[in-house]
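# Survey of secondary and tertiary structure
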Amino acid sequence: MVTPDERGQAFTLEGFVGSIVLLSAVLFALQATVATPTTGGQVSESARAQLSTEATDLLRTLADDPETNFAAAIRQWDATDQTFAGAVDASSGYGADGPPPELFDGAFEETFAENGYTYNLVLHYRGGNVSNVSDGGGSIPLVYRGPPGPDAVSASQRVTLFDNTTLDQAVNDDERQLWEYDTDPDDGDGYFPIPDAAPASPIYNVVEVRLTVW
């Protein structure tokens, strides 16, 4: 026969075990949210601010290094294949594969992809007539992995190209300067998509490198 005291102890034990199970489930859910920053849940403002800072700092660091700067990356354009050397295609650039290590020393993959984030890296350039506001320029994907998520953050860095800049000769076997290339993709004599935005000056164009992370 079960006494009232024994029945009370059983209820108390069941309640204690139930609370432990519930607490464990809550802790597991919280850990899962933190460990997967690209899930559909809202990312906290502090996390977005930290991600934005990392993106800005990385762009600045790369821009200051002569071996990993963005002018060097642009010079990897293949004027014959009409995309970057070794890229997947013109619409996605290096796509899911990411840039080759010799471009940025794996910095984007190490900072973002290996920590569960996705990123796009797109070059935005000025139009061929900088005095014409309707000539808004265009863009070239260096790494495009799809539309950004709702919690995406962006950072940008500008790089100046000059008339006497040349494309990488190991890629093109060509000593022509940028102003000597054709911006018409149907021209078979070598194509470079970024036009000369300031023909009357030694500056060829100013390119905005835009990084979007989510």
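None of the values given here were measured: they were computed from a predicted structure.

### Overview of the overall build of the protein chain
Each helix and strand counted, the protein chain has six helices and six strands in total. For the protein chain, the α and β elements follow one another from N to C terminus as α-α-α-β-β-α-α-β-β-β-α-β. In the structure as shown, the protein chain presents an accessible area of about 12400 Å², 53% of it carried by carbon and sulfur atoms.

### Let's talk about the pattern of salt bridges
Inspection of every chain in the model, using the stated rule, returns five salt bridges. Aspartate 174 is the partner of arginine 176 in a salt bridge, and the nearest nitrogen-oxygen pair spans 2.8 Å. Take arginine 176 and aspartate 174: they sit in the same class, and that class is buried. With a shortest N-O distance of 3.5 Å, aspartate 189 and arginine 176 are connected by a salt bridge.

### A word on the side chain of asparagine 172
With respect to the helices and strands, the residue asparagine 172 is situated in helix H6 (residues 169-172). For asparagine 172, a relative accessible area of 15% translates into the label buried. A distance of 2.8 Å separates a polar atom in the side chain of asparagine 172 from the backbone nitrogen of alanine 79. If sequence neighbours within four positions are ignored, asparagine 172 has contacts with Arg75, Trp77, Asp78, Ala79, Thr80, Leu167 and Tyr181.

How each quantity is defined
- Residues numbered from 1 in each chain as written.
- Predicted model: local features only at pLDDT ≥ 70, side-chain atom pairs only at ≥ 80, totals over all residues.
- Heavy atoms only, no water.
- Helix = DSSP H or I, 4+ residues; strand = E, 2+ residues; numbered from the N terminus.
- Areas by Shrake-Rupley, 256 points an atom, 1.4 Å probe, with all protein chains shown as cover.
- Salt bridge = Lys/Arg side-chain N within 4 Å of Asp/Glu carboxyl O.
- Buried < 20%, exposed > 50% of the residue type's maximum accessible area, 1.4 Å probe, protein only.
- Polar contact = N/O pair within 3.5 Å; in protein donor to acceptor, adjacent residues only side chain to side chain.
- Contact = heavy atoms within 4.5 Å.

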